[in-house]
Amino acid sequence: MALYTDDSIERLRQTVDMAELVGAKTELKRSGQQMMGICPFHDERSPSFSVDPVQKVFHCFGCGEGGDLFKFVQLTEGLNFREAVESLSDRYGVTMELTEEDPQAAQRREKRDRLLELLERTAAFYVRNLWESPEAEESRQYLAGRGLDEALLREFRVGYAPSAWDKVLVASRQSGYSEAELWDAGLTAKNQKGNVYDRFRRRITFPLCDPRGRVLGFGARAVGADQQPKYLNSSENVVFHKGRQVYAADLARAAAAKSGEVILCEGYTDVIALHQAGLRNTVGLMGTALTEDQVSELARMAPVVALALDADSAGQEAMIRAAKVAEGRKLELRVVPLPAGNDPADIVQQEGPEAITKLVAGSVPFVRFRVDRALLLADLATAEGKDRAVSELAPIITPLPASAMRDELTELAAAALGVSGAKLTEWLGRARPLAASAPPAATATEDGSKGESQPPRPAATVIDPGARVERAFLVQCLADPGVGREALAAMDLEADFVSPVFLRAAQLIL
Ligand SMILES: [Zn+2]
C-alpha cells in the first residue's frame, strides 16, 4: 500500500493545533513553555501530563506515556499510524500526497475507491428510503418498537432496502457503475440463469464500516416473517471480508480507548440501544462466531472486553468460544450478567438506561462466570452430581495462581457444594482432568446475526466428556480383557468413575 510522502506528513504536523487536539481530551493549563493537565492514560488527581504545543509532543511524568501528535491520536482513538494521519488530515483539511505507486497498485486503489464510493452512495440511498419511503413504514415501526431513537438510527446510518428487484441496480447503472462493480461491491446476486438482481431487498440495512467509518458492506435484517434468512450479510468480496471487522468499531473506538473497556454485544439493535443508553464503547459481533481477527480488533480498541452476549445457551457457548480465541493474549475478558431471555436492547427499553449501565458495571471476570455456570448446570442434590461438578471445576480453578480470586472462587463453590473450602481444595487436587471440554459450537449461521432462523441446537452432548473417557477406557479393557481386568482391579472404581452406567459396566467386566 502506498505511503504518504514525508512532505505531506510534515505539512500536516505543522497544521495541527496540538493544544486544541489534546485539549479536547483533557483540560490543559499553561505552565511556562509547556501545558499541563490530568493524564488521559492513567488515573491521577494532580496533573503530571505535559504537552509542548510548539514541538507538538506530550509526556506523562506519572505513567511515562509520551510521543508526538500522531501517537496521541493513535493512543486516544485506537488507530494505527496511517489511520491517525488520515483522521488528522480529514479534520484539518490537509491534502495528503502518496508516494509513487506502481501503476498496478494505483489501479487497484482506484478500483477500490470507486467501490467504496458506490457503497457509500448505496448506504445513503437506503437511509433515505428508511425515512421517506411509504414501503418502509413496517421497518420504521419495528425500530421504534425496539425503543431506538431516530437520532441514533441516523448516526448508525440504518436504512431500508426496498422490495423491488433492481432499485440499486438501476440507480447505480445510471450513475455510471458497471454490473461488475456492483457485483464486486457485494450489492447484487445472480440467479441460475445468470440474471443479476439486488442482493438486499425488503430488509433493514446496517452498514458495516471500517475503523474510519467507510462503508464496506451491509448486514440486513428481514422485515417479513416469511423471508429467509433472517439476517443476510454482504458476501465476501473485494472490500468486505467477513469476520475481520466488529460492528460499530468506528463509532465506539474513541469511547473505548478513553474508558479502557469495550462492550461486545450480539445484535445490531443491541449495539445501537447501548449507545443510546450512553454506553458509547459498545460494538457488535456481526453475525459470526468471534474470529481471531475480531479479537485482534477488540484488543486494539481496549485492554478489557466485557461480553454482553445473550444469556441463552448459544450466547454462553459464544463466550466460552470467545475466551478460547482470546487465550494467550493480553486481553481481560469480563462477562456482563444478563438476565435470561432478555437481550441488552430489551433491558434498555424495559428498564431504562440505568439498568443496563448497572449490569455492565457489575461485570464479573470470565473465570467467575465459568465457575457460576458449572455450579448452575450441576446437579448438587446427589453425590454423583457433586463429583461431576468438582471435575468440571478443577480445570477452571486449579490452574489459577494463588490469589484472592482463587480463594474467593473456591469458597463460593464450596458453599454451593455444602463443604468446607479445605475439603473442596482437597477434592480439586484429586480430581482427574476431563478429557477435553466440549468442542466450541458455532453460535450463529454465517448470515444470521443471532442464528435466530436456526432450529435450536440439541442441549449438550448425550455423553459428557468425563463419561466419554470412561467409555473409551472400557472399550480398551474389553478389547484386551486380561490387561483390562488388571487395570480395573488396581482402581478404586466407585471413586474413579463419574458415570454410574460405566461404573456398573466396569464392575461387570471385573
Ligand atoms: Zn500518565
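Right, let's walk through the structure included here. No experiment lies behind these values; they were computed from the predicted model shown.

Per the stated rule, a full pass over the model turns up 17 aromatic pairs. The interplanar angle of 70 degrees and the centroid separation of 5.9 Å between the aromatic rings of Phe-200 and Phe-218 together place this pair among those described as edge-to-face. Of this pair, Phe-200 sits in the loop between β8 (196-198) and β9 (203-209) while Phe-218 sits in strand β10 (residues 215-222), and the two are 18 residues apart along the sequence. Judged by relative accessible area, Phe-200 falls into the buried class, the value being 1%. The buried category is assigned to Phe-218, whose relative accessible area is 1%. Between Phe-366 and Phe-369, the aromatic rings sit 5.5 Å apart at their centres with planes inclined by 35 degrees, giving tilted as the arrangement.

Taking 1.5 Å of rise per residue, the 15 residues of helix α17 (residues 383-397) would be expected to cover 21 Å, and the 20 Å separating its terminal C-alpha atoms lies within 8% of that figure. Residues Gly-385, Ala-389, Val-390, Ser-391, Leu-393, Ala-394, Ile-396 and Ile-397 constitute the buried set of α17. Of the surrounding secondary structure, the elements contacted by the buried residues of α17 are α16 (366-377), α18 (404-417) and α19 (421-430).

Taken together, the protein donors to the zinc ion comprise Cys-39 (SG), His-42 (ND1), Cys-60 (SG) and Cys-63 (SG), at separations of 2.1 to 2.3 Å. Here the zinc ion is ringed by four donor atoms whose angles at the metal span 102 to 118 degrees, and the overall shape comes out tetrahedral. Mapping the donors of the zinc ion onto the primary sequence yields the spacing C-x2-H-x17-C-x2-C. Since its relative accessible area comes to 0%, Cys-60 is described here as buried. Among the residues examined, Cys-63 registers a relative accessible area of 37% and is labelled partly exposed.

Another point: the side chain of Thr-205. With respect to the secondary-structure elements, Thr-205 resides in strand β9. In contact with Thr-205, other than residues within four places in its own chain, are Tyr-126, Arg-157, Val-158, Gly-159, Tyr-160, Ala-161, Phe-218, Gly-219 and Ala-220.

Bringing the pattern of salt bridges into the picture now. Scanning all chains against the criterion turns up 28 salt bridges. Put simply, Arg-91 and Glu-77 hold a salt bridge, and the shortest N to O gap is 3.0 Å. Here Arg-91 is found in helix α4 (residues 81-92), whereas its partner Glu-77 is found in helix α3 (residues 69-77), with 14 residues between them in sequence. When its relative accessible area of 44% is taken as the criterion, Arg-91 is described as partly exposed. Residue classification places Glu-77 among the buried residues on the basis of a relative accessible area of 13%. One salt bridge connects Asp-226 with Arg-202, and the closest N-O pair in it is separated by 3.7 Å.

What follows deals with the sheet that holds strand β16 (residues 364-365). Read across the open sheet, the five strands follow the order β13-β12-β14-β15-β16; overall the sheet is mixed. This sheet does not close on itself; its edge strands, each paired only once, are β13 (282-284) and β16. As paired elements, strand β12 (residues 261-265) and β13 share three bridges and run parallel to each other. Its bridge partner being in β13, Ile-263 is matched across the sheet by Thr-282.

Okay, unusual backbone geometry next. The linkage connecting Gln-228 with the following residue, Pro-229, adopts the cis geometry, with an omega of -15 degrees. You can see Pro-229 is positioned in the loop between β10 and β11 (231-233). Its identity is not glycine, yet Arg-157 carries a phi of approximately 55 degrees, on the positive side. Structurally, the position occupied by Arg-157 is in the loop between α7 (150-155) and β6 (159-161).

Parameters at a glance
- Residues numbered from 1 in each chain as written.
- Predicted model: local features only at pLDDT ≥ 70, side-chain atom pairs only at ≥ 80, totals over all residues.
- Heavy atoms only, no water.
- Phe/Tyr/Trp six-rings, centres within 6.5 Å; stacked < 30°, edge-to-face > 60°.
- Helix = DSSP H or I, 4+ residues; strand = E, 2+ residues; numbered from the N terminus.
- Buried < 20%, exposed > 50% of the residue type's maximum accessible area, 1.4 Å probe, protein only.
- Expected span 1.5 Å × (residues − 1).
- Contact = heavy atoms within 4.5 Å.
- Donors = N, O, S within 2.8 Å, 3.2 Å for Na, K, Ca; no water.
- Tetrahedral: all angles 85-135°; square planar, octahedral: opposite > 155°, others 65-115°.
- Salt bridge = Lys/Arg side-chain N within 4 Å of Asp/Glu carboxyl O.
- Pairing = 2+ DSSP bridges.

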